[in-house]
Amino acid sequence: MTPVFLGVGTNINREHHVRRGLDAVQQLLGPLDVSPVFESDAVGVLGHRFYNLVVGANTRLPLADLSAALKAIEAACGRRDQQVPGRITLDIDILTYGELVGCHAGIELPRPETLRNAFVLWPLALLAPRATLPGSTRSYAELWATWVGHQQLWPVPCGWQGRALTPGELIDKHAPRAAL
């Protein structure tokens, strides 16, 4: 079994697509570890605010097959049918695949935005604080503690399978920014 971390994001009917995406990934990979859910402004696209989270799982699938299966989940959620730029029903990115580093099956690992985007690194640091980024000796918690950037994000309530993904105390500690 290969441990993987996946980044999940959506900016359309966000809670619905988070739940639908998690259901599909669970069906594909089995038990999931799921981070809290964060809201942030869109990065890299013009569009509505996103919900983002990180999922940890184990897989027997080769990297290329995992990537294809995740693209099929995105397509089933309407990703290929979208006509409006910046509106993303579901985006699932492979952040890490075991300890692979470099370009494998056309995928750069670890995914470069893991260190660049707060909406990836903060949930990852909460989900697996002591785990280390492949190719590094630093833990995700250490990487988050030294992250420098201007992205704003905040934890938001979101549930899946009858449980809250984001603890209330995390939400209380990091008050959300007022909607624009």
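In short, a report on the structure. (Residues numbered from 1 in each chain as written. Predicted model: local features only at pLDDT ≥ 70, side-chain atom pairs only at ≥ 80, totals over all residues. Heavy atoms only, no water.)

Here's the deal with the overall build of the protein
Stated precisely, the cut-off is as follows: Secondary structure is summarised from DSSP: a helix means a run of H or I of at least four residues, a strand means a run of E of at least two, and numbering begins at the N terminus for each. Atoms counted for the radius of gyration: C-alpha only. Globule rule: 2.2 Å times residue count to the power 0.38. The buried label goes to any residue with under 20% of its type's maximum accessible area, the exposed label to any with over 50%, and the partly exposed label to all in between, with areas taken from a 1.4 Å probe on protein chains only. The contact criterion used throughout is that any non-hydrogen atoms of two residues lie within 4.5 Å. Surface exposure here means Shrake-Rupley accessible area, sampled with a 1.4 Å probe, where a residue is shielded only by the protein chains that are shown. Residues scored as charged are limited to Lys and Arg (positive) and Asp and Glu (negative), so that His and the chain ends carry no count. We put the charge of a Lys on NZ, of an Arg on CZ, of an Asp on CG and of a Glu on CD.
Counting its regular elements, the protein contains six helices and ten strands. The C-alpha radius of gyration computed for the protein amounts to 15 Å, which stays within 12% of the reference 16 Å derived for 180 residues, consistent with globular compactness. C-alpha extents for the protein along the principal axes are approximately 40 × 40 × 30 Å. For the protein, with 180 residues in total, the buried portion stands at 47%. Within the protein, contacts between residues at least 6 apart in sequence are counted, and of these 67% link residues at least 24 apart. Just so you have it, the protein exposes about 9,100 Å², and 53% of that area is on carbon and sulfur atoms. Averaged over its 16 positive side-chain charges, the protein has a centre that lies 2 Å from the centre of its 16 negative ones.

A look at the pattern of salt bridges
Note the following rule: A pairing counts as a salt bridge when a side-chain nitrogen of Lys or Arg comes within 4 Å of a carboxyl oxygen of Asp or Glu.
Per the counting criterion, the structure on display carries seven salt bridges. Where Lys71 meets Glu74, a salt bridge forms, and the shortest distance between an N and an O atom there is 3.6 Å. Here Lys71 pairs with Glu74, and both are found in helix α2 (residues 63–76), just three residues apart, close to one helical turn. For Lys71, a relative accessible area of 36% gives the class partly exposed. Within this structure, Asp93, Arg111, Glu113 and Arg116 form a network of salt bridges that share partners.

Considering the state of the cysteines
The test is simple: The disulfide criterion is simple: two cysteine sulfur atoms within 2.5 Å.
Across all of its chains, the model carries zero disulfides by this definition. Between Cys158, a cysteine without a disulfide, and Cys77, which holds the nearest cysteine sulfur, the sulfur-to-sulfur distance is 14 Å.

Observations regarding the side chain of Thr89
Here is the rule: As used in this structure description, the phrase polar contact means that two N or O atoms lie within 3.5 Å; if the pair is within protein, one of them must be able to donate a hydrogen and the other to accept it, and residues adjacent in sequence are counted only when both atoms belong to side chains.
The residue Thr89 is located in the loop between α2 and β5 (91–97) in this model. Taking the relative accessible area as the measure of exposure, Thr89 reaches 8% and is therefore buried. Within the structure, Thr89 has its side chain in polar contact with the backbone oxygen of Cys77 (distance 3.0 Å).

A closer look at unusual backbone geometry
Glycine aside, residues mostly have negative phi, and peptide bonds are mostly found in the trans state. With an omega of -15°, the peptide bond between Leu109 and Pro110 qualifies as cis. In this structure, Asn13 is a non-glycine residue whose phi angle is positive, near 45°. On the secondary structure map, Asn13 appears in the loop between β1 (2–10) and α1 (14–29). Using a relative accessible area of 51% as the deciding quantity, one classes Asn13 as exposed. For Ala105, which is not glycine, the phi dihedral falls at a positive 50°. Note on placement: Ala105 falls in the loop between β6 (102–104) and β7 (107–109).

Some thoughts on α2
The following threshold applies: One fewer than the residue count of a helix, multiplied by 1.5 Å, yields its expected span.
Under the 1.5 Å per step criterion, the end-to-end length of α2 is 20 Å for 14 residues, consistent within 8% with the ideal 20 Å. Its buried side turned inward, α2 meets β1, α1, β4 (50–59), β5, β6 and β7. With its phi angle positive at about 95°, Gly78 sits one or two positions after the end of α2.

Overview of the environment of Cys77
With respect to the helices and strands, the residue Cys77 is situated in the loop between α2 and β5. Spatially, the C-alpha atoms of Cys77 and Ala24 are 9.8 Å apart, while their sequence positions differ by 53 residues. With residues up to four places along the chain from it excluded, the contact list for Cys77 reads His17, Arg20, Thr89 and Leu90.

Some words on the packing of aromatic side chains
Spelled out, the test is: Only Phe, Tyr and Trp rings take part, Trp by its six-membered ring, and two of them pair if their centres are within 6.5 Å. Stacked means planes under 30 degrees apart, edge-to-face means over 60, and tilted covers everything else.
Inspection of the entire model under this criterion finds four aromatic pairs. Note on Phe38 and Trp122: the rings are 4.5 Å apart at their centroids and 45° apart in plane angle, and the pair reads as tilted. Of this pair, Phe38 sits in strand β3 (residues 37–40) while Trp122 is found in helix α4 (residues 118–127), placing the two residues 84 residues apart along the sequence. For Trp122, a relative accessible area of 8% gives the class buried. Note on Trp144 and Trp147: the rings are 5.5 Å apart at their centroids and 25° apart in plane angle, and the pair reads as stacked. An aromatic cluster is defined as three or more aromatic residues linked by ring pairs; in this entry it consists of Phe38, Trp122, Trp144 and Trp147.

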